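# Structural overview
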Amino acid sequence: CIDNNWDNHCENAYTNIQISRQDPFPFARPDGWKTPYPQFTISDSTPNVGTPVTFQITDPLMAGRPYLVLFDLATTPNIQMSDGRTLDLVGTGLFFSSLIDPYAFGIVSSGSFDAQGVAAITWSIPYIPELHGWPFYLNIVPFDNSYAFPRMILTTYRSAGVVLQ
């Protein structure tokens, strides 16, 4: 949907594009950013097994919105949703396990962006020496559960990754 206005008009090749309407989700626009790009930061990009690491994303447009936290072992090829958008994770067993039982991985599975649009997730990395050298990728998926999938996913971000030491 070009203007992300799912409730009223989804523009397509058979309708006139209405330039006068403002895009409520400018991050989905390929022609430029109207606000700063969301910033993903990691407290330590090479954390040790058995220690915590904090992932933080700042996106003022998502202030107050709930999110899910997802893990995976890689970011390509992306998971493609039925509306054409992609989720920057692959969909390995770790991805599905992080949906089903995130507490087994030492992470809280959901939360909400604060009033400034900041979401901070601390992962208490389990002390499993065999994880040394493994890459892990985390993604935060803001959603609105008043919509059906995939429309409920408000935006997608690039995944943040760490390599465990």
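Remember, it's a predicted structure, so these values are computed and weren't measured experimentally.

Formed by 24 residues in total, the largest nonpolar core has its most connected members in Phe 113, Ile 121, Trp 123, Phe 136, Leu 138, Ile 140 and Leu 164. Those elements that place two or more of their residues in this core are β2 (52-58), β3 (66-72), β7 (118-124), β8 (135-142) and β9 (160-163). Leu 70, Leu 87, Val 141 and Ile 153 belong to the second largest nonpolar core, which has seven residues in total.

The subject of this paragraph is the sheet that holds β7. Strand pairing in a sheet takes place through backbone hydrogen bonds and is either antiparallel or parallel in direction. Taking strand neighbours across the sheet as the criterion, the three strands line up as β1-β2-β7 in an open arrangement whose pairing is antiparallel. The strands lining the two open edges of the sheet, one partner per strand, are β1 (39-42) and β7. Direction aside, neighbouring strands of the sheet carry axes that sit 15° apart on average. The pairing of β2 with β7 spans seven bridges and is antiparallel. Each bridged residue has a counterpart across the sheet, and for Pro 52 the counterpart in β7 is Ser 124.

Attention shifts here to the side chain of Asp 144. Checked against the element boundaries, Asp 144 lands in the loop between β8 and β9. For Asp 144, a relative accessible area of 16% corresponds to the buried category. Each residue touching Asp 144, except ones within four places of it in the same chain, is listed here: Arg 65, Met 152 and Leu 154.

What counts, and where the lines are drawn
- Residues numbered from 1 in each chain as written.
- Predicted model: local features only at pLDDT ≥ 70, side-chain atom pairs only at ≥ 80, totals over all residues.
- Heavy atoms only, no water.
- Core = buried A, V, L, I, M, F, W, Y, C linked by side-chain atoms within 4.5 Å.
- Buried < 20%, exposed > 50% of the residue type's maximum accessible area, 1.4 Å probe, protein only.
- Helix = DSSP H or I, 4+ residues; strand = E, 2+ residues; numbered from the N terminus.
- Pairing = 2+ DSSP bridges.
- Axes fitted to C-alpha atoms, helices over the stretch in contact; angles between N-to-C directions.
- Contact = heavy atoms within 4.5 Å.

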